[in-house]
Amino acid sequence: MHKQNRKTLIEKMGPRSVAIFASAPPAMRNHDTEHLYRPDPNFYYLTGFEEPEAICVLAPEHPKHQYILFVRPKDKKAETWSGKRIGVKDARRHYGADRAYPIDTFSEKIGEYLKNADTLYYALGANDEVDSEILHLFTRSVKGRIRSGKGLDTLTDPSPILAESRLIKNEEELRRIRKATEVTVAGHLAAMQAVRPGMYEYELEAVVESTFRKSGANGTAFPTIVASGANATTLHYTPNNCQIEADALVLIDAGAECERYCGDVTRTFPANGTFTDAQRDIYQLVLEAHHAIIDCIRPGVSIDEPHQKSIELLMDGMRRLGLLRGKKKKLMKKKAYEEFYMYRVGHMLGLDVHDVNCVHEPNGDFKTFQPGMVMTIEPGIYVAADTKGVPPAYLGIGVRIEDDILVTESGCEVLTDSVPKEIDEVEEFVRGA
Ligand code: MG
Ligand code: MG
């Protein structure tokens, strides 16, 4: 997969160009403790290499080495503390590089690969240390060009090319996404079976995340949200520390990460297995929109269509339920729906949970769906507990229903369909626990 990804990029790079990608630096959690390491998505997409302090160089016109890796050398003492390193020899052997070097020789060796290049592809902003090194060498090369007529004259961001490529998933990516979504489904099913009024939100978080890990996930694709009652009206609620009341709805938004690819699913269900009338009103509205939106996804349809449809349907429902009052046209113009539905209906999904967002054509129009795109569809309605002028029964209700959708040749496939979402199915499944 990574080899094919490099090939796709190289085909799009112009003549006399070299591309450099750096792995992400480790992120400090506090003092001398690091967060669990996650490689930079573009770097990983091209190399499959998962260690920090690594640089990948693509030099398509170099006579001997077109793919070069700079990595941490083996170091027995360091490895005793922080684990085995792949090392220079195995970086070449197992990751397909034509040549590998120790990372601390980068500035010494890179000149050889830039010798005949005019254009350097490099994305600033992901690794400060490498950024300053690259800017330094670019400036030096530009100055040299003024004197000798030879050297770099263009620094350009490779991210848009990679985004186009990452937008359409290849077979191996789809295998991993299927795995991530399967594991995500398992986590949600386990939590819906485990829920009992009186439990704490974090107990469900533990059920979800232990299911992910037991199923072989790297971990979560993002911090797990378990929001009961009015907590569900905070979109990215993560403390997960409240007790779940008997008649509360519980919103769980969670996703597993498997082999670096992400799942992202939300279900909202009654803790005691029965929706109240008010909860049912809002849930039914979100559910109908959810189905109608998914029904419109197929190749050739504008990527913006699901969002426009979600606004239309949710706003009609808000007026029906008395959340919004007034003429539709006027409310639409004011974007009055944003009080209860404040985001776009979905996002691309892949190596990142909010994956590459290159959804526009160069002329500014939205692209159309193509087979191999994967996105979430997640309409919702959130009535904050202190909202003025709405039927009191709806205060503090937040509902989101989110599935992961693969665009196919003939329409789309809902990868996460096996978590119940119809009202009677949800009630039965939760009660059956
Ligand atoms: Mg989500
Ligand atoms: Mg999402």
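Criteria and cut-off values
- Residues numbered from 1 in each chain as written.
- Chains lettered and ligands numbered in written order.
- Predicted model: local features only at pLDDT ≥ 70, side-chain atom pairs only at ≥ 80, totals over all residues.
- Heavy atoms only, no water.
- Donors = N, O, S within 2.8 Å, 3.2 Å for Na, K, Ca; no water.
- Helix = DSSP H or I, 4+ residues; strand = E, 2+ residues; numbered from the N terminus.
- Buried < 20%, exposed > 50% of the residue type's maximum accessible area, 1.4 Å probe, protein only.
- Domains from an automatic or database assignment.
- Contact = heavy atoms within 4.5 Å.
- Buried area = accessible area lost by both parts, 1.4 Å probe.
- Salt bridge = Lys/Arg side-chain N within 4 Å of Asp/Glu carboxyl O.
- Expected span 1.5 Å × (residues − 1).
- Arc of directions from axis to C-beta.
- Pairing = 2+ DSSP bridges.
- Axes fitted to C-alpha atoms, helices over the stretch in contact; angles between N-to-C directions.
- Phe/Tyr/Trp six-rings, centres within 6.5 Å; stacked < 30°, edge-to-face > 60°.
- Lys NZ or Arg CZ within 6 Å of the ring centre and 35° of its normal.
- Patch = residues over 30% accessible without salt bridge, like charges linked within 9 Å, V, L, I, M, F, W, Y side chains within 5 Å.
- Areas by Shrake-Rupley, 256 points an atom, 1.4 Å probe, with all protein chains shown as cover.
- Lys, Arg positive; Asp, Glu negative; His and termini not counted.
- Charge placed at Lys NZ, Arg CZ, Asp CG, Glu CD.
- Parallel < 35°, antiparallel > 145°, perpendicular 65-115°, else oblique.
- Left-handed = near helix turned anticlockwise from the far one by under 90°.
- Nonpolar A, V, L, I, M, F, W, Y, C, P; charged D, E, K, R; others polar.

Draft legend 1. Inspection of the coordination of the magnesium ion (ligand 1) at higher detail. Protein-derived ligands of the magnesium ion (ligand 1) are Asp253 (OD), Asp253 (OD), Asp264 (OD) and Glu402 (OE), with the metal-ligand distances lying across 2.0 to 2.5 Å. For the magnesium ion (ligand 1), all donor residues lie on one chain, and their spacing in sequence is D-x10-D-x137-E. Separating the magnesium ion (ligand 1) from the magnesium ion (ligand 2) is a distance of 3.1 Å, and Asp264 supplies a donor atom to each of them. Of the two residues, Asp253 is situated in strand β11 (residues 249-254) and Glu402 in the loop between β17 (397-400) and β18 (403-407); the sequence distance between them amounts to 149 residues. When its relative accessible area of 5% is taken as the criterion, Asp253 is described as buried. Here Glu402 falls in the buried class, since its relative accessible area comes to 0%.

Draft legend 2. The domain arrangement of the chain, seen in detail. Under the domain assignment used here, the chain contains domain 1 (2-164) and domain 2 (168-431). Contacts between domain 1 and domain 2 engage 11 residues on the former and 14 residues on the latter. For the pair domain 1 and domain 2, the summed buried surface comes to about 1000 Å²; carbon and sulfur atoms form 43% of the total. Together, Arg38, Tyr44 and Glu164 form the three largest contributors to the area buried by domain 1 at its contact with domain 2, with a combined 47%. The interface formed by domain 1 and domain 2 contains four salt bridges. Taking the shortest distance from any N to any O, the salt bridge between Glu257 and Arg38 comes out at 2.8 Å.

Draft legend 3. Expanded view of the side chain of Asn127. Here Asn127 shows up in the loop between β7 (119-121) and α6 (128-148). What makes Asn127 buried here is its relative accessible area of 10%. Excluding residues within four positions of it along the chain, Asn127 makes contact with Ala22, Ser23, Ala24, Pro25 and Tyr122.

Draft legend 4. Broad picture of helix α9 (residues 201-214). For α9, spanning 14 residues, the distance from its first C-alpha to its last is 20 Å, which sits close to the expected 20 Å at 1.5 Å a residue. Taken together, the buried positions of α9 are Glu201, Leu204, Val208, Thr211 and Phe212. Projected down its long axis, α9 carries its buried residues within an arc of 105 degrees, all on one side. Exposed side of α9, more than 90 degrees from the buried face: Arg213 and Lys214 are the residues found there. In this structure, the buried residues of α9 make contact with α8 (171-194), β9 (219-220), β10 (225-228), β11 and β12 (256-258). Count one or two residues on from α9 and you reach Gly216, which has phi positive near 95 degrees.

Draft legend 5. Highlighting the sheet that holds strand β6 (residues 99-102). Pairing is mixed across the open sheet formed by six strands, whose spatial order is β6-β5-β4-β1-β7-β8. Both edges of this open sheet fall to β6 and β8 (154-156), since each of them pairs with a single strand only. For this sheet, the mean angle separating the axes of adjacent strands, direction not counted, is 20 degrees. As judged from the three bridges shared by strand β1 (residues 17-22) and β7, these two strands associate in the parallel manner.

Draft legend 6. Broad picture of the coordination of the magnesium ion (ligand 2). Surrounding the magnesium ion (ligand 2) are the protein donor atoms Asp264 (OD), His347 (NE2), Glu378 (OE) and Glu402 (OE), at 2.1 to 2.3 Å. Summarised as a motif, the one-chain spacing of the donors to the magnesium ion (ligand 2) is D-x82-H-x30-E-x23-E. With relative accessibility at 16%, the residue His347 sits in the buried group.

Draft legend 7. Molecular detail of helix α11 (residues 305-321). Here α11 is 17 residues long and its end C-alpha atoms lie 24 Å apart, about the 24 Å a rise of 1.5 Å per residue gives. The set of residues buried in α11 consists of Pro306, His307, Ser310, Ile311, Leu314, Met315, Gly317, Met318 and Leu321. For α11, the angular spread of the buried residues around the axis is 160 degrees, confining them to a single face. Elements in contact with the buried residues of α11: α10 (277-295), α12 (328-333), β15 (374-377) and β16 (380-383).

Draft legend 8. Examining the packing of aromatic side chains more closely. All chains considered together, the criterion is met by eight aromatic pairs. A network of ring pairs unites the aromatic residues Phe70, Tyr101, Phe106 and Tyr113 as a single cluster. Residue placement shows Arg6 over the ring face of Tyr67; its charged tip is 3.7 Å from the ring centre.

Draft legend 9. Structural view of a negative patch on the surface. Residues Glu53, Asp128, Glu129 and Glu133 make up a contiguous surface patch of negative charge. On the secondary structure map, Asp128 appears in helix α6.

Draft legend 10. Up close: the pattern of salt bridges. Going through the model one piece at a time under the given rule, you end up with 32 salt bridges. For the salt bridge of Asp355 with Lys169, the shortest nitrogen-to-oxygen distance reads 2.9 Å. Placement of the pair is Asp355 in the loop between α12 and β15 and Lys169 in the loop between α7 (159-167) and α8, with a sequence separation of 186 residues. Given a relative accessible area of 6%, Asp355 falls into the buried group. Linking Glu259 and Arg175 is a salt bridge whose minimum nitrogen-to-oxygen distance equals 2.9 Å. Here Arg175 lies in helix α8 and Glu259 lies in the loop between β12 and β13 (261-262), a separation of 84 residues in the sequence. Among the residues examined, Arg175 registers a relative accessible area of 38% and is labelled partly exposed.

Draft legend 11. Focus on the packing of helix α5 (residues 106-114) against α6. α6 packs onto α5 with a crossing angle of 45 degrees between their chain directions and a minimal axis gap of 12 Å. As far as their axial angle goes, α6 and α5 are oblique. Crossing geometry of α5 relative to α6 is assigned as right-handed. In contact with Phe106, Ser107, Ile110 and Leu114 of α5, α6 contributes Glu133, Ile134 and Leu137. Classifying every residue of the contact of α5 with α6 gives five nonpolar, one polar and one charged.

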